[in-house]
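Structure assessment
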Amino acid sequence: MPKKIIGRTDKADFPLLNLYDIDVKVDSGAYTSSIHCHKVKIEDGLLKCTFYDKGHPLYNGKEIIFKTYDIAKVKSSNGIVQERYKVKTTILIFNKKYKINLTLSTRDDMKFPILIGRRFLNKKFVVDVSLKNLSYQKKN
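The structure reproduced in this document is the subject of the present report. (Residues numbered from 1 in each chain as written. Predicted model: local features only at pLDDT ≥ 70, side-chain atom pairs only at ≥ 80, totals over all residues. Heavy atoms only, no water.)

**Remarks on the overall build of the chain**
Let me state the cut-off plainly: In this description a helix means any DSSP run of H or I spanning at least four residues, a strand means any run of E spanning at least two, and both kinds are numbered starting from the N terminus. Only heavy atoms matter for contacts: two residues are in contact if any of them lie within 4.5 Å across the pair. All accessible areas in this document rest on Shrake-Rupley with a 1.4 Å probe, and a residue is counted as covered only by the protein chains that are shown.
A tally of helices and strands in the chain yields two helices and 12 strands. Sequence-ordered secondary structure for the chain, helices as α and strands as β, is β-β-β-β-β-β-β-β-β-β-β-α-β-α. Within the chain, contacts between residues separated by at least 24 positions form 56% of all contacts whose residues are at least 6 apart in sequence. About 8,800 Å² of surface is accessible on the chain, with carbon and sulfur atoms providing 50% of the total.

What follows is the structure in structure tokens.
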């Protein structure tokens, strides 16, 4: 199957998380994909989190609950290793649904709430950094 060309940024849907037209940054230097998470807590063996901060225009206060999750060790670009919760969900991009693993992180200081890493990109996409929003432009 030929690889699709993806630009350096795009918008994607995460239907299981009720997130639509979310800005994503494609980062072939990052191994894992991550999503900004405002609050994360474990209660009765369930992982509960909120994806938007109170000041965000899409904030609705809704908690997303994950029955299954893992803990992953993630090394940042400056070499610091963090333990983060990792969840499995789906991403809708180029009008196709894919499985994706996302680590939960605080990306308050980042422009894009979701970072797509090379583990997801591998064997599916080729990155052209001169382009952006290719999937969003083709959205039905």
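**Some thoughts on the sheet that holds strand β5 (residues 39-43)**
Threshold: DSSP calls a pair of strands paired once it identifies at least 2 bridges connecting them. Note on geometry: axes are C-alpha line fits, over the in-contact stretch for helices, and angles between N-to-C directions span 0 to 180 degrees.
Taken in spatial order, the three strands of this open sheet run β5-β6-β7, and their pairing is antiparallel. Strands at the two margins of the open sheet, each flanked by one partner only, are β5 and β7 (64-66). For this sheet, the mean angle separating the axes of adjacent strands, direction not counted, is 25°. Judged from the five bridges that link them, β5 and strand β6 (residues 46-50) form a sheet pairing that is antiparallel. Across the sheet, the residue bridging to Val40 is Cys49, located in β6.

**Quick word on unusual backbone geometry**
The cut-off we apply is this: Burial classes follow relative accessibility: with a 1.4 Å probe on protein chains only, a residue under 20% of its type's maximum area counts as buried, one over 50% as exposed, and anything between as partly exposed.
The backbone of Asn95 shows a phi angle near 60°, a positive value even though the residue is not glycine. Mapped onto the fold, Asn95 is located in the loop between β9 (81-93) and β10 (96-105). Residue classification places Asn95 among the partly exposed residues on the basis of a relative accessible area of 42%. Within the chain, Asn133 stands out as a residue other than glycine whose phi angle is a positive 60°. When you line up the elements, Asn133 lands in the loop between β12 (125-128) and α2 (134-137).

**Regarding the environment of Ile93**
Summarising the element assignment, Ile93 is placed in strand β9. Residue Ile93 is classed as buried on the basis of its relative accessible area, which comes to 2%. Taking the C-alpha atoms as reference points, Ile93 and Asp21, separated by 72 residues in sequence, lie 9.9 Å from one another. If near-sequence neighbours (up to four positions away) are discounted, Ile93 is found in contact with Ile6, Ala12, Tyr98, Phe125 and Ser135.

**What to know about the layout of surface pockets**
So the rule is basically this: In the cavity and pocket records, a cavity denotes points on a 1 Å grid over the protein atoms alone where a 1.4 Å probe fits but cannot get out, a pocket denotes an open set with protein on both sides within 12 Å along at least 5 of 7 lines, and lining residues are residues with an atom within 4 Å of a point. Grid points are joined across faces, edges and corners, and a volume is the space filled by probe spheres set on the points.
Within this model, the second largest pocket holds a volume of roughly 210 Å³. If you trace the second largest pocket, you find it lined by Thr32, Ser33, Lys86, Lys88, Thr89, Lys99, Ile100, Asn101, Thr103, Arg119, Phe120 and Lys124. Put simply, the parts of the chain that give the lining of the second largest pocket at least two residues each are β9, β10 and α1 (118-121). At four residues, the largest contribution of residues to the lining of the second largest pocket is made by β10.

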